[in-house]
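# Summary of the model geometry
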Amino acid sequence: MKSKLIPVLCCLLITSVFTACKKTMDLPELPNSRITEYKVPVSDGTIAGVIDESDKTITVYLPFYYQLDVIDPQITVSDGAKLNTIIEPVDVMSETTTYTVTGNNNSTTTYKLKIEIQQLGPLVVIEPSTATTTTGWAIGSKTISIQGNFNTTDATKIKVSLIGSDKVEHALIISGQTASVTPIILATGKTYMLTNLQIPQDLPDGEYKVRVKILHLTGETTYPIKLIYGRPLIDYKVITAKQGETFTINTTSEVFYNFQELSILVGGQKTLLPIVSYSRTEAIIRIPENIPVGTYTPTVLFQGWAASTLNWPINVTAK
Amino acid sequence: MKMKATKINSIPNLIILSMALLVLSSCSKGSDPVPEPVIPQPTGTVPYYKLQRVENFAVETDDTDPTAPKNPAYFSLENKAIVEANLAKTARWDVGFNGLYNSFLSGNNGSDATNLGYGGPGAGAILIIEKPFDEVTDIPAEALFKTRGTLVGTDDHGDFGEGTGWYLYDFGGTTISNGTYEKQHVAYALGNGITLANGTKILPRTIVLRTAAGNYAKIKMISCYQNAFTPDTWFRSTPHMFFTFEYVLVPKGSTKFEIK
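Computed from a predicted model, the values in this text were never measured in an experiment.

## A closer look at the overall build of chain B
- When helices and strands are counted, chain B shows 1 helix and 13 strands.
- A burial count over chain B gives 40% of its 260 residues as buried.
- Taking all contacts inside chain B whose residues are at least 6 apart in sequence as the whole, residues at least 24 apart take part in 55%.

Dropping the structure here:
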């Protein structure tokens with residue numbers, strides 16, 4: 001009789017064990033100051049941010065091919081909760097964005113936003129120079145090109161700089177209006193040529209490495225290029241000045257260096273207009289008082305370069 | 001014996017009872033999930049069905065280098081506000097101005113590679129109709145809207161025309177006027193139509209645009225000159241490009257333009 005009660009007791013024991021752990025053992029209640037959804041609208045739908053309640057982060061995995069500069073998220077919060085700030089677009093490179101939510105019980109939670117841009121790496125820059133030949137780039141030139149696996153045709157996304165002996169990044173000037181990127185297929189794969197960059201006019205000559213940054217990727221040349229003084233270019237300008245006065249000429253591209261002379265033909269004779277002073281970007285020229293009134297075409301000479309006749313006039317008027 | 005048999009038979013009954021208790025006492029049903037509120041974007045401050053006017057919206061201009069491309073400009077019809085260029089790939093703008101003198105208009109569309117909003121969420125598009133603003137009451141069929149960038153600009157009745165445009169460019173000053181120096185290189189907005197020097201009447205133009213959010217607007221382009229809103233006040237030396245236009249918004253799904 002006693003032994004036959006054992007199965008009955010076992011059944012009761014099992015039942016009590018399985019039914020013991022229930023409502024009284026609920027998990028801790030989640031705060032109601034939560035972000036419950038974080039979505040980024042893109043051209044073909046939305047990208048969902050990953051919300052991690054353990055470390056209070058929101059991670060957005062953003063494919064590079066959308067080429068977004070900012071994300072403009074849509075945020076959902078717990079019932080009755082509210083965000084403490086209005087939702088603003090966020091720069092994709094931002095590392096400081098946070099969102100604070102206040103629940104209807106006045107609890108607050110702050111989330112940190114992490115944007116992981118999914119880029120193909122490594123970034124490889126095609127060397128302008130080789131181990132035996134160093135390419136020269138003219139100071140102030142606006143026609144610099146650089147090639148690599150940039151994976152974008154948006155010139156504004158490609159940041160190019162020169163690294164000299166000072167180890168400082170000297171950014172090449174890029175303008176969304178003139179710079180352009182062209183895909184080029186090589187035997188080794190698809191590359192992109194960024195053209196019409198400008199070397200800053202104030203950089204010293206010498207050797208520099210070329211560094212390229214595209215969002216979180218960085219590539220750098222192994223061999224340096226050499227900044228040199230190229231053939232100066234003078235900006236087009238119609239000059240009108242009186243006898244005995246001075247006028248100014250400028251360059252916004254290759255800088256002035258070893259400016260030797262500026263001359264005009266007076267009665268078939270080469271006549272020098274004295275160079276009062278000059279810097280890399282500006283020269284002050286004087287018109288002698290004995291130059292007859294008239295219109296002249298100037299010729300300039302920089303040391304190391306052939307003389308060139310300019311395509312703009314100097315109108316000399318009476319003093 | 002009878003009693004013994006009863007006890008043996010009660011064991012399966014107890015097991016069934018235990019299972020039933022287990023099932024009934026386990027996970028109690030929670031309450032149904034409550035839909036959570038979406039915080040609306042801070043857009044759409046302009047009410048529907050109300051006529052809006054924008055005067056002298058300025059864009060970058062350089063007469064010394066007129067053909068050099070300028071930085072595009074962006075305008076939100078939903079908020080009646082200029083939008084910064086770094087927000088090009090968001091749904092925060094509705095009309096893009098770029099091309100020659102930033103005079104070509106387009107909608108904000110993220111799916112068209114030629115569009116300023118390419119990659120972003122914009123669902124916009126644009127078209128132009130040869131009809132007065134007040135007479136454009138039906139929203140055109142979806143198939144007629146175009147998503148390309150740099151789309152609606154110079155009209156074929158003037159110089160350098162590119163189809164039906166919102167303005168007529170008079171290079172020599174003789175298409176509209178008498179060819180005097182000050183009437184050369186004038187851009188005539190066609191929101192009210194115009195009569196050519198040879199007597200030909202050009203019908204008014206109205207732009208219809210689907211906004212980035214999918215609402216609709218009709219737009220009357222009035223002028224691209226600063227504080228000058230009629231053709232008799234437009235000259236080559238009048239400060240430009242300052243866009244003046246009127247528009248009305250109606251919500252997504254509408255079939256008619258109404259002003260209430």
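## Topic: the overall build of chain A
- When helices and strands are counted, chain A shows 1 helix and 29 strands.
- For a compact globule of 319 residues, the expected C-alpha radius of gyration is about 20 Å, and chain A comes in at 35 Å, more than 25% above that figure.
- Residues classed as buried in chain A amount to 25% of the 319 residues present.
- Contacts in chain A between residues at least 24 apart in sequence constitute 62% of all its contacts with a sequence separation of at least 6.

## So, the sheet that holds strand 9 (residues 98-102) of chain A
Residues and elements named next belong to chain A.
- Pairing in this open sheet of 5 strands is mixed, and the strands run 3-4-10-9-7 from one edge to the other. The strands lining the two open edges of the sheet, one partner per strand, are strand 3 (50-52) and strand 7 (82-83).
- Here strand 4 (residues 57-63) pairs with strand 10 (residues 108-118) via 7 bridges, running parallel. Across the sheet, the residue bridging to leucine 62 is isoleucine 117, located in strand 10.

## Structural notes on unusual backbone geometry
- Looking along the chain, the bond that leaves A:Gly121 and enters A:Pro122 is cis, with omega of -5°.
- Residue position: A:Pro122 is located in the loop between strand 10 and strand 11 (136-138).
- Following B:His240, the chain continues into B:Met241 via a peptide bond in cis, with omega recorded as -5°.
- Relative to the helices and strands, B:Met241 resides in strand 13 (residues 240-250).
- Although it is not a glycine, A:Asn106 sits at a positive phi angle of roughly 70°.
- Within the secondary structure layout, A:Asn106 lies in the loop between strand 9 and strand 10.
- For B:Tyr49, which is not a glycine, the phi torsion comes out positive at approximately 65°.

## Digging into the sheet that holds strand 1 (residues 35-42) of chain A
All names here are of chain A.
- Ordered in space as 2-1-6, the 3 strands form an open sheet in which the pairing is antiparallel. Strands at the two margins of the open sheet, each flanked by one partner only, are strand 2 (45-48) and strand 6 (74-77). Between one strand and the next, the sheet's axes are offset by a mean angle of 30°, whatever the strand orientation.
- Where strand 1 and strand 6 come together, 4 bridges link them in antiparallel fashion. The partner of lysine 39 across the bridge, within strand 6, is glutamine 74.

## Quick look at the nonpolar core
- One finds B:Leu105, B:Trp166, B:Tyr167, B:Tyr188 and B:Ile207 to be the most contacted residues of the largest nonpolar core, which totals 51 residues.
- With 7 residues, the top contributor of residues to this core is strand 12 (residues 216-225) of chain B.
- Membership of the second largest hydrophobic core comes to 40 residues, among which are A:Leu123, A:Ile139, A:Tyr192 and A:Leu194.

## Some details on the domain arrangement of chain A
- When its domains are assigned, chain A resolves into domain 1 (35-118), domain 2 (136-228) and domain 3 (239-317).
- The straight-line distance from the C-alpha centre of domain 1 of chain A to that of domain 3 of chain A is 61 Å.

## A few points about the pairing of strand 13 of chain B
Residues and elements named next belong to chain B.
- Where burial is concerned, most of strand 13 is hidden: 8 out of the 11 residues are buried.
- Relative to strand 13, strand 1 (residues 52-58) runs antiparallel, the two being bridged by 5 bridges. Across the sheet, the residue bridging to phenylalanine 57 is phenylalanine 243, located in strand 13.

## Here we look at the pairing of strand 24 (residues 275-278) of chain A
Residue and element names in this part refer to chain A.
- In this sheet, strand 25 (residues 282-286) lies alongside strand 24 in antiparallel orientation, the contact comprising 3 bridges. When the bridges of strand 25 are listed, isoleucine 275 appears paired with isoleucine 285.
- With antiparallel pairing between neighbouring strands as the criterion, strand 24 and strand 25 make up a hairpin whose turn holds 3 residues.

## Some thoughts on the confidence of the model for chain B
All names here are of chain B.
- Mean pLDDT over chain B stands at 87; residues scoring 70 or higher make up 83%.
- Below a pLDDT of 50 lies the segment residues 20-31, which in the model reaches 9 contacts outside its immediate sequence neighbourhood of four places, other chains included.
- Every residue in residues 38-42 scores below 50 in pLDDT, and together they form 10 contacts with partners more than four places removed in sequence or on other chains.
- Across the assembled chains, the prediction reports ipTM 0.72 with pTM 0.74.

## Thoughts on the environment of A:Ile284
Residues and elements named next belong to chain A.
- Topologically, isoleucine 284 is positioned in strand 25.
- As a C-alpha pair, isoleucine 284 and leucine 123 span 161 residues in sequence and 46 Å in three-dimensional space.
- Sequence-distant contacts of isoleucine 284, that is, excluding residues within four places in its chain, are made with Thr246, Thr248, Val276 and Ser277.

What counts, and at which threshold
- Residues numbered from 1 in each chain as written.
- Chains lettered and ligands numbered in written order.
- Predicted model: local features only at pLDDT ≥ 70, side-chain atom pairs only at ≥ 80, totals over all residues.
- Helix = DSSP H or I, 4+ residues; strand = E, 2+ residues; numbered from the N terminus.
- Buried ≥ 20, exposed ≤ 12 C-beta atoms within 10 Å, placed from the backbone.
- Contact = placed C-beta atoms within 7 Å.
- Rg over C-alpha atoms; globule rule 2.2 N^0.38 Å.
- Pairing = 2+ DSSP bridges.
- Axes fitted to C-alpha atoms, helices over the stretch in contact; angles between N-to-C directions.
- Core = buried A, V, L, I, M, F, W, Y, C linked by C-beta atoms within 7 Å.
- Domains from an automatic or database assignment.
- pLDDT = per-residue confidence, 0-100.

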